[in-house]
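Structural overview for review
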Amino acid sequence: MNTGSDEAAESESVAATTGDGAKTDPELGSRAPEFIKARRALHLSWQVGVFVVGLAVVVAGVIMLPLPGPGWLVIFGGMAIWATEFVWAQLVLRWTKRKVTEATQRALDPAVRRRNIILTSVGVVIIAVLVGIYVWKFGFEMPWKIKE
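Residues numbered from 1 in each chain as written. Predicted model: local features only at pLDDT ≥ 70, side-chain atom pairs only at ≥ 80, totals over all residues. Heavy atoms only, no water.

1. Some remarks on the overall build of the chain
Which entries qualify depends on this criterion: We count a stretch as a helix when DSSP gives it H or I for four or more residues in a row; a strand needs E for two or more, and each element gets its number in order from the N terminus. We call two residues contacting when some pair of their heavy atoms lies within 4.5 Å. Each accessible area is a Shrake-Rupley estimate made with a 1.4 Å probe; only the visible protein chains count as cover when residues are assessed.
When its secondary structure is counted, the chain shows six helices and zero strands. Helices and strands in the chain line up, N terminus first, as α-α-α-α-α-α. For the chain, restricting intrachain contacts to residue pairs at least 6 apart in sequence, the fraction spanning at least 24 positions comes to 48%. Summed over all atoms, the accessible surface of the chain reaches about 11,300 Å², with 69% contributed by carbon and sulfur.

In structure tokens:
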């Protein structure tokens, strides 16, 4: 559960502020208060607490996947909780944000939007035709009440 040394964090923050002013990712490592990081036992307890709370949130999100509820949103919330303390979770969140941004940019491409609109329109027409055929043949009767 090594979260990195203070020296590495200081060098990363200096590197993040220098240069041509380009936006860089925030530094990796623990975001626990300094008085907690100063005491090893307290910091370890803090990490265990953050892990347990994050795990509970992620498990709740996984349970919500097949059930009604915002499953993926809750899972990413649990990852965000873990990312306050663990470098691996911070890296996973960075990767996820990058992939979501790339997907958003692709979805906003006019050719892709046009294709999606056409496919959706075709799908709606097909469903409307199928519903029309069903209503024409059986009326407004539910399928389990049809007697043939």
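2. Here's the deal with the nonpolar core
Rules: Buried residues of nine kinds, namely Ala, Val, Leu, Ile, Met, Phe, Trp, Tyr and Cys, make up a nonpolar core once their side-chain atoms join them within 4.5 Å. Note on classification: 1.4 Å probe, protein chains only; a residue is buried when its accessible area is under 20% of the maximum for its type, exposed when over 50%, partly exposed between these limits.
Residues Val50, Val58, Met79, Trp82, Ala83, Phe86, Ala89 and Leu93 constitute the largest nonpolar core, which totals eight residues. Broken down by secondary-structure element, the contributors of at least two residues to this core are α3 (40-64), α4 (71-83) and α5 (87-107). Ranked by residues supplied to this core, first place goes to α4 with three residues. Discounting residues that sit within four places of it in the chain, Val50 has contacts with Ile81, Trp82, Thr84, Glu85 and Phe86.

3. Considering the packing of α4 against α5
The condition is simple: Angles here are taken between N-to-C directions and fall from 0 to 180 degrees, while the axes themselves are lines fitted to C-alpha atoms, restricted in helices to the stretch in contact. Throughout, the term roughly parallel applies to angles under 35 degrees, roughly antiparallel to angles over 145, roughly perpendicular to angles from 65 to 115, and oblique to all others. Crossing chirality is assigned from the near helix's rotation relative to the far helix, an anticlockwise turn below a right angle marking it left-handed and a clockwise turn marking it right-handed. For this classification, Asp, Glu, Lys and Arg are treated as charged, while Ala, Val, Leu, Ile, Met, Phe, Trp, Tyr, Cys and Pro are nonpolar and the rest, including Gly, are polar.
Closest axis-to-axis distance for the α4/α5 pair is 7 Å, and the angle between their directions is 135°. Here α4 is positioned oblique relative to α5, judged by the angle of their axes. Here α4 and α5 pass one another in a crossing that is left-handed. On α5, the residues touching Phe76, Met79, Ala80, Trp82 and Ala83 of α4 are Trp88, Ala89, Gln90, Val92, Leu93 and Thr96. Of the residues belonging to the contact of α4 with α5, the class tally is nine nonpolar, two polar and no charged.

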